[in-house]
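# Commentary on secondary and tertiary structure
Next come the chains, spelled out residue by residue.
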2 protein chains.
Amino acid sequence: MKAFFKVKTIDQALEYRKHFAPLRTEDISLGESMGSVLATDIRSDIDLPDFARSIMDGFAVRGASTFGASEGNPAYLNLKGTVAMGESSNLAVGPGEAVRISTGGMLPTGADSVVMVEHTEAIDDTTIEVYRSVAPGQNMVEVGEDLNKGEIALTGGSRIRPQEAGMLAALGIQTVTVFKKPTIGIISTGDEIVPVNETPGPGQIRDINTYTLLGLVRQMGATALPYGIVHDDYKVLLAKCTQALTECDMILVSGGSSVGARDFTIDVISAMQDSEILFHGISISPGKPTILARVQNKAFWGLPGHVVSAMVVFSRIVKPFIEQVSGLNDDGGKKSRLTARLSRNLASAQGRVDYVRVRLVHKAGAIWAEPILGKSGLINTMVKADGLIEIGMNTEGLDQGTEVAVIPI
Amino acid sequence: MKAFFKVKTIDQALEYRKHFAPLRTEDISLGESMGSVLATDIRSDIDLPDFARSIMDGFAVRGASTFGASEGNPAYLNLKGTVAMGESSNLAVGPGEAVRISTGGMLPTGADSVVMVEHTEAIDDTTIEVYRSVAPGQNMVEVGEDLNKGEIALTGGSRIRPQEAGMLAALGIQTVTVFKKPTIGIISTGDEIVPVNETPGPGQIRDINTYTLLGLVRQMGATALPYGIVHDDYKVLLAKCTQALTECDMILVSGGSSVGARDFTIDVISAMQDSEILFHGISISPGKPTILARVQNKAFWGLPGHVVSAMVVFSRIVKPFIEQVSGLNDDGGKKSRLTARLSRNLASAQGRVDYVRVRLVHKAGAIWAEPILGKSGLINTMVKADGLIEIGMNTEGLDQGTEVAVIPI
């Protein structure tokens, strides 16, 4: 009997990310860049804004002209005209003077603030009353207040969210250098697996892992390339893996990663050129029988066949590797965790990290995590689940009411 | 001067979702269904699994044959053969008998449990020693344990996550009836706005909102259709909005929603056939000058021109409307909130809900929300932000150390 070897903790497993470099960079259009990872820092070549802008509809003034103004004692200002939007004005604002301006308008020479229209009254065509004082700088944005010329606007390794796309637009960057999004090959193995379009015979089940893994890969913004089902045949699996390796940046083989006689993944990896098994087995549950190999500088995974195990391993282990080859800066993966209170006591084995599926329930003003128990082959337990909670390696269990971090899944 | 009218609270604003029905349904392939919303409940027409499956590599037995077995006192079982994967076996397991089985194999007649291979030793070709007892049902999945025939597997109105795709695969559903994903038209207005590919002249800035809104719409899995920039011209804006209305399911016009003389959005809405302004103004900051109208049964939004305001309004108000027309069941939007501790005191005005941009920082074993202060026209404040925190309508402020819910943005 083959045994598990090189069993690693989660942290040890994640250390192997260093073995894999981000993919090459490519230039894409700003409109298509959402979700991509910036390959380089972006430095601003302009002040943002590069003119003093009003942020209110009202009147550009010298603040000093309004000092002491109130409902009972308004300031009277001489209205010199209107700033046209999107143009510089040749009007100048002196003491006791005002120029009409709209939100986004460029402050005329001499003005240092804007009085909101709500705090004024027109007396006639050339005079306004002002009921409130404004301080210099009020209701306007200074030159460079958003970003100064020469400052780093965006850092390489950041994912482009809507606001990063907005910043690129503000800087006039129409073509963005990003890391190529990885293409992840997905292979299901097992003689008992049939395609979705077939009716399973006795002892057969449909291929679930192709679809869960495809979804998980796409959810990350990577490209999924499914290769279908390979039956328990060493030669066919080797051929399919070799093909996938030429077409993809990372390979996920589900099933065939245990220590049974039918588990060919290890043999296939060993047969491929320039391959090295990095670990076989992770001290987590579910998901222990996981293989990571480096084959021709690409990460090659043997994932457990049980659907829950494969999803847990993907979420906790594979995903950080995909982020790594995507060029994403590591944020420790902790920002997106939410907290809830555990609805019941949970026992756990020491010496491994347990992941328990939970449903989130709002009750009595709090969010409760209700464990969903069930074997790791049951897809329905994942459908019912909103997330996973982690029970640490040296923990015998968690008490009801404990605050737990919930990993959305 | 035009005044704000029909100012609503957030809850009142969200009530108007009822005015808008989910879009029509369409049939798409399972492989393309990730992120779509199921239009109907899905009932299982099979037991899942429809045969008793082993979840371990080992030996199918009658549990009773192993009772009392231990290292010192093993049970000796008569090995009758091997179950082939993906087939029913014609072997039967009687008392004192065992059949070799792999993970996922179909239990033979008479077997009620599986002994793990790790707890056995082969004596010869026909005899094994068993060192641990197994209870009936152990190391196997019963017929229907995942899902019983006739049960509701998935509920209409759910978004298809990887696990829902897996469940559809398990049930052999290759074509899925989902709600059509909405197409959202995006229009930027303002004489001072120039396209990203132009160098702004004095008083001009590049179009940011098209890209932030495009990103926010795509992030939700909806389709964004940008119409570019319309200058402050009533006729052109009316024509562009009329066109967008025929091509889109919802319209977002940014800029032109305030009460200034140049703000044509209200006039354009009023000029369109079968239109009704539902509200103008929401008691939130930033984002007050927001318009919602119903035009020919479609939601038509006038969003503030300031980039942060438009993003906050999208995230808190527009998004639930897009979810509504997407057919998504309302979960109260609270499941995805995470918590942090506020790093400093924050003042807030009463009578409105304030949204404060925050950066999340890990410090001293806790996650802290550090407010990012800055005017609502500054895109850089959003680039630095990880989320928003909400300060309620009747709250004067929050103290340092308060636990706050963080809305990722």
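Scoring rules and cut-offs
Residues numbered from 1 in each chain as written. Chains lettered and ligands numbered in written order. Predicted model: local features only at pLDDT ≥ 70, side-chain atom pairs only at ≥ 80, totals over all residues. Heavy atoms only, no water. Least-squares fit on C-alpha atoms with pLDDT ≥ 70 in both. Contact = heavy atoms within 4.5 Å. Buried area = accessible area lost by both parts, 1.4 Å probe. Salt bridge = Lys/Arg side-chain N within 4 Å of Asp/Glu carboxyl O. Polar contact = N/O pair within 3.5 Å; in protein donor to acceptor, adjacent residues only side chain to side chain. Helix = DSSP H or I, 4+ residues; strand = E, 2+ residues; numbered from the N terminus. Phe/Tyr/Trp six-rings, centres within 6.5 Å; stacked < 30°, edge-to-face > 60°. Buried < 20%, exposed > 50% of the residue type's maximum accessible area, 1.4 Å probe, protein only. 1 Å grid on protein atoms, 1.4 Å probe; cavity = no way out; pocket = protein on both sides within 12 Å on 5 of 7 lines; lining within 4 Å. Points joined across faces, edges and corners; volume = space filled by probe spheres on them. Nonpolar A, V, L, I, M, F, W, Y, C, P; charged D, E, K, R; others polar. Pairing = 2+ DSSP bridges. Axes fitted to C-alpha atoms, helices over the stretch in contact; angles between N-to-C directions. Domains from an automatic or database assignment.

Glancing now at the relation of the copies chain B and chain A. For the pair chain B and chain A, the relating rotation is 180°, the translation along its axis is 0.0 Å, and the fit reaches an RMSD of 0.0 Å. The transformation just described matches what one would write down for a two-fold rotation axis. Across chain B, the rotation axis passes nearest the C-alpha of B:Leu338, at a separation of 2.1 Å. Here 100% of the interface residues in chain B have copies in chain A that are interface residues too; the copies meet face to matching face.

Bringing the interface of chain B and chain A into the picture now. At the interface, 88 residues of chain B touch 88 residues of chain A. For the chain B and chain A pair, buried surface summed over both sides reaches about 6,900 Å², with 60% attributable to carbon and sulfur atoms. There are four salt bridges connecting chain B and chain A. Where chain B meets chain A, there are 24 residue pairs in polar contact (both at pLDDT 80 or more). Those elements that place two or more of their residues in the side of chain B that touches chain A are strand E10 (140-141), strand E11 (152-154), helix H2 (162-170), strand E15 (205-206), helix H3 (209-219), strand E22 (338-342), strand E24 (353-363) and helix H7 (379-384) of chain B.

Here the distance between the centres and the angle between the planes together describe a pair of aromatic rings. According to the stated counting rule, one finds eight aromatic pairs over all chains in the structure shown. Ring geometry for A:Phe279 and A:Trp301: centres 6.3 Å apart, planes at 70°, overall edge-to-face. Taken together, the residues span a long stretch of sequence, with A:Phe279 in strand E18 (residues 275-280) and A:Trp301 in strand E21 (residues 298-303) at a distance of 22 residues. Look at B:Tyr16 and B:Phe279: their rings are 5.7 Å apart centre to centre, the planes differ by 55°, and that puts the pair in the tilted class. Of this pair, B:Tyr16 sits in the loop between helix H1 (10-15) and strand E1 (25-29) while B:Phe279 sits in strand E18 (residues 275-280), and the two are 263 residues apart along the sequence.

Here we take up helix H3 (residues 209-219) of chain A. Among the eleven residues that make up H3(A), nine are buried, leaving the element largely enclosed by the rest of the structure. Those residues of H3(A) that sit buried are A:Asn209, A:Thr210, A:Tyr211, A:Thr212, A:Leu213, A:Leu214, A:Gly215, A:Leu216 and A:Val217.

Here we take up empty space enclosed by the protein. Gaps left between atoms show up when a probe the size of a water molecule is rolled over them. Residues and elements named next belong to chain B. Inspection of every chain in the model, using the stated rule, returns four cavities of 30 Å³ or more. Its volume calculated, the largest cavity comes out at about 100 Å³. Forming the boundary of the largest cavity are 13 residues, of which Arg159, Lys181, Met220, Gly221 and Ser326 lie nearest the centre. For the lining of the largest cavity, a count of residues per class yields six nonpolar, four polar and three charged. As a volume, the second largest cavity reaches approximately 80 Å³.

Turning next to the pairing of E22(B). Residues and elements named next belong to chain B. Sheet topology places E22 next to strand E28 (residues 403-408); four bridges connect them, and they run antiparallel. Paired with Thr339 across the bridge in E28 is Ala405. Two strands pair when backbone bridges link them, and E22 and strand E25 (residues 366-371) are joined in this way by two bridges, in the parallel orientation. Bridged to Arg341 within E25 is Trp368.

With that out of the way, let us pick up the sheet that holds strand E17 (residues 250-254) of chain A. Residue and element names in this part refer to chain A. A sheet is described by the order of its strands in space; here six strands give the open sequence E16-E13-E17-E21-E20-E18, paired in mixed fashion. Where the open sheet ends on each side, the last strands, each with one partner, are strand E16 (223-230) and E18. Geometrically, the sheet is characterised by an average inter-axis angle of 20° between neighbouring strands, direction not taken into account. One ladder, built from six bridges, connects strand E13 (residues 183-189) with E16; its direction is parallel. If you follow Ser188 over to E16, its bridge partner there is Ile229. Strands E13, E16, E17, strand E20 (291-295) and E21 of the sheet are contacted by helix H4 (residues 234-247), whose axis makes an angle of about 170° with E16. Its contacts with the sheet put helix H6 (residues 307-325) on E13, E17, E20 and E21, and the angle it makes with E17 is roughly 165°.

Further remarks concern the pattern of salt bridges. Going through the model one piece at a time under the given rule, you end up with 24 salt bridges over all chains. A salt bridge links A:Glu164 to A:Arg161; its shortest N-O distance comes to 2.9 Å. When its relative accessible area of 3% is taken as the criterion, A:Glu164 is described as buried. With a closest N to O distance of 3.2 Å, B:Arg359 and B:Glu370 form a salt bridge. In this pair, B:Arg359 is assigned in strand E24 and B:Glu370 in strand E25, connecting sequence segments eleven residues apart. For B:Arg359, a relative accessible area of 30% puts it in the partly exposed group. Through salt bridges with shared partners, a single ionic network connects A:Asp274, A:Glu276 and A:Arg294.

So, about the domain arrangement of chain A. Residues and elements named next belong to chain A. Segmentation of chain A into domains returns domain 1 (10-23 + 181-325), domain 2 (29-48 + 153-179), domain 3 (53-141) and domain 4 (338-408). Between the C-alpha centres of domain 1 and domain 4 there is a distance of 26 Å. Tallying the contact residues gives 15 residues for domain 1 and 17 residues for domain 4. Buried surface at the junction of domain 1 and domain 4, both sides included, amounts to about 1,200 Å², of which 68% is carbon and sulfur. The largest per-residue losses of area from domain 1 upon contact with domain 4 belong to Ser285, Val308 and Arg316, which jointly make up 39% of the total buried on that side.

Residue and element names in this part refer to chain A. By the element assignment, Tyr355 lies in strand E24 (residues 353-363). Judged by its relative accessible area of 5%, Tyr355 falls in the buried class. Ignoring any residue separated from it by four or fewer positions in sequence, one finds Tyr355 in contact with Ile10, Ile284, Ser285, Pro286, Val312, Arg316, Leu388, Ile389, Glu390 and Ile407. At 2.9 Å, the side chain of Tyr355 forms a polar contact with the side chain of Glu390.

A word on the sheet that holds strand E17 (residues 250-254) of chain B. Residue and element names in this part refer to chain B. Strand order in this open sheet of six strands is E16-E13-E17-E21-E20-E18, and the pairing throughout is mixed. Taken across any chain shown, the strands that pair with only one partner, and hence form the sheet edges, are strand E16 (223-230) and E18. Averaged over neighbouring strand pairs, the angle between their axes works out to 20° when direction is ignored. Here E18 runs beside strand E20 (residues 291-295); their pairing, made up of five bridges, is antiparallel. Bridge pairing in E20 links Phe279 to Leu292. Contacts from helix H4 (residues 234-247) reach strand E13 (183-189), E16, E17, E20 and strand E21 (298-303) within the one sheet, and its direction differs from that of E16 by about 170°.

We now examine the environment of A:Ala122. All names here are of chain A. Summarising the element assignment, Ala122 is placed in strand E8 (residues 120-124). When its relative accessible area of 54% is taken as the criterion, Ala122 is described as exposed. Through-space distance from the C-alpha of Ala122 to that of Val196 is 73 Å; in sequence the pair is 74 residues apart. Every residue in contact with Ala122, bar those within four places of it in the chain, is listed here: Thr127 and Ile128.

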